[in-house]
Amino acid sequence: MKVLAAMSGGVDSAVAAARAVDAGHDVVGVHLALSRMPGTLRTGSRGCCTIEDSMDAQRAANVIGIPYYVWDFSERFKEDVVDDFVSEYRAGRTPNPCMRCNERIKFAALLDKARSLGFDAVCTGHYASIVVDENGDRELHRAADWAKDQSYVLGVLTAEQLAHSMFPLGSTPSKAEVRAEAAARGLSVAAKPDSHDICFIPDGDTAGWLADRVGVEPGPIVDAAGEVVGAHEGAHRFTVGQRRGLNLGVPAPDGRPRFVLEVRPVSNEVVVGPREALAVAELAGSRYTWAGRPPADATTEFACQVQIRAHGDPVDATARLRPAAGEEGDELVITPAVPLDGVAPGQTAVVYVGTRVLGQCTIDRTVSAVPALVGGEAAR
């Protein structure tokens, strides 16, 4: 096949491109320039998509022996990932920019351009596997190395996108093996640290970065009954489940710590309460997709597992589609077998059946497992 290898400048994408060549494909490497003003140097493992990363990708492509290009996707990245991140925080939700980048950049904008240029597939260094079932349908599955598994952030991929995707690292037993292979191939990125944190906030100061873009407006911190117990310097600084940095002036009656239960952007309030009030008995989202073949009848409750964070543990659950209240269309409703803690609107819930990624939804609402502790209202 004619394959476009997305090369971030890291060890994983470099080895993935090399394996695609070894498999006999006609491979071209491409690095995505996602910022008009990229940093020239990384700080340890913080940040990515810098000029240094582009140069690392170029060197890897030269060693592998494939053509290499840099494509400017900075405007699309700003609109679909950065601006979305800011607008979600303004709305009091907790977004996942990596999900949006995979959904709208790497497997939408990039894949669309690749297909228009005659490429059959896009290859990346994600740790996930594609399995073809007995009907010839492609399924997305967890990687062999669960510690490095990245199927969660790929849960947004559709059947059409999976049909044109390649993940050569999916069956690799460990990241150590990938680094050893890179060293054996003479790739200079063999020992390069993995990137982490949000790529467009390389210093890790998310609160400060958001303050420059959404502004800082002080407001009250209230308990579930609406009583003011403190003040904040900007609601964007808080996410559901947060404990640190509250600086409450009024202690809880029982003396126990309090946690953020809700962020209300309209009233600029941050609601706090006891840890047990974070327990969620149900979550739902109308923005859902299926990763490959959907269930035969998704309106009938089916057993599954749900994962709400990239490195979280899957939890047994049931799920089904039902009409969204007050809206057109359906929502995916997920009921965990045991309540989940710290679930916030804006997060992504990925549904698994065994190792297979069945689909995902962006969480619009949750239902408390202990409504009496959140002002007597079950949904928040």
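Refer to the structure printed above.
Since we're looking at a predicted model, the values are computed, not measured.

Participant: I'd love a proper account of the pairing of strand S17 (residues 348–353), names of residues and values included.
Facilitator: Most of S17 sits out of view: 5 of its 6 residues are buried. The pairing of S17 with strand S18 (residues 356–362) spans 6 bridges and is antiparallel. Note on S18: the bridge partner recorded for Val 351 is Gly 359. Hairpin connection of S17 to S18: 2 residues between the antiparallel strands, including Gly 354 at a positive phi of 70°.

Participant: Tell me about helix H7 (residues 206–214), residues and numbers included.
Facilitator: Looking at H7, one finds that the buried residues are Trp 209, Leu 210 and Ala 211. Summarising the contacts, the buried residues of H7 are in contact with helix H3 (74–90). Gly 215 lies just past H7 and shows a positive phi near 80°.

Participant: Describe the sheet that holds strand S7 (residues 165–166), and please don't skip the residues or the numbers.
Facilitator: Strand pairing within a sheet occurs via backbone hydrogen bonds; the two strands may be parallel or antiparallel. Pairing is parallel across the open sheet formed by 5 strands, whose spatial order is S3-S2-S1-S4-S7. Edge strands, defined here as strands with exactly one partner in the open sheet, are strand S3 (68–72) and S7. With 5 bridges connecting them, strand S1 (residues 2–6) and strand S2 (residues 26–33) associate as parallel partners. Within the sheet, the bridge partner assigned to Ala 5 lies in S2 and is Gly 29.

Participant: Lay out the packing of helix H1 (residues 11–22) against helix H6 (residues 175–184) in plain terms, naming residues and giving numbers.
Facilitator: A pair of packed helices is characterised by two quantities: the angle between their axes and the separation of those axes. Between H1 and H6, the least distance of the axes is 10 Å, while the angle of their chain directions is 65°. Between H1 and H6, the crossing angle belongs to the class labelled roughly perpendicular. The handedness of the crossing between H1 and H6 comes out as left-handed. Counted together, Val 11, Asp 12, Val 15 and Arg 19 of H1 and Lys 175, Glu 177, Val 178, Arg 179, Glu 181 and Ala 182 of H6 form the full contact between these two elements. Residues belonging to the contact of H1 with H6 are distributed by class as follows: 4 nonpolar, no polar and 6 charged.

Participant: Would you mind going over the packing of aromatic side chains in detail, with residue names and values included?
Facilitator: Considering all chains together, one arrives at 8 aromatic pairs under this definition. Three or more aromatic residues joined by ring pairs form one cluster here, namely Phe 77, Phe 85, Tyr 89, Phe 200 and Trp 209. The ring of Trp 146 carries Arg 142 above its face, with NZ or CZ at 4.5 Å from the centroid. Across the ring face of Tyr 352, the terminal group of Arg 142 is positioned such that the distance to the ring centre comes to 3.8 Å.

Participant: Before we move on, can you summarise the sheet that holds strand S11 (residues 269–273) with the specific residues and values?
Facilitator: Read from one edge of the open sheet, 4 strands run S9-S8-S11-S10, paired in mixed fashion. Of all strands in the sheet, those with a lone pairing partner are strand S9 (228–232) and strand S10 (259–264), marking the two edges. Pairwise comparison of adjacent strand axes, ignoring direction, gives a mean angle of 30° for this sheet.

Participant: Describe the environment of His 126, naming the residues involved and giving the relevant values.
Facilitator: For His 126, the position within the fold is in the loop between strand S4 (121–123) and strand S5 (128–132). According to the relative accessible area criterion, His 126 is buried, its value standing at 9%. Each C-alpha atom of the pair His 126 and Ala 14 lies 11 Å from the other, and the pair is 112 residues apart in sequence. Excluding residues that lie within four positions of it along the chain, His 126 makes contacts with Asn 102, Lys 106, Phe 107, Gln 150, Val 153, Leu 154, Phe 167 and Leu 169.

Conventions we followed
- Residues numbered from 1 in each chain as written.
- Predicted model: local features only at pLDDT ≥ 70, side-chain atom pairs only at ≥ 80, totals over all residues.
- Heavy atoms only, no water.
- Buried < 20%, exposed > 50% of the residue type's maximum accessible area, 1.4 Å probe, protein only.
- Helix = DSSP H or I, 4+ residues; strand = E, 2+ residues; numbered from the N terminus.
- Pairing = 2+ DSSP bridges.
- Contact = heavy atoms within 4.5 Å.
- Axes fitted to C-alpha atoms, helices over the stretch in contact; angles between N-to-C directions.
- Parallel < 35°, antiparallel > 145°, perpendicular 65-115°, else oblique.
- Left-handed = near helix turned anticlockwise from the far one by under 90°.
- Nonpolar A, V, L, I, M, F, W, Y, C, P; charged D, E, K, R; others polar.
- Phe/Tyr/Trp six-rings, centres within 6.5 Å; stacked < 30°, edge-to-face > 60°.
- Lys NZ or Arg CZ within 6 Å of the ring centre and 35° of its normal.

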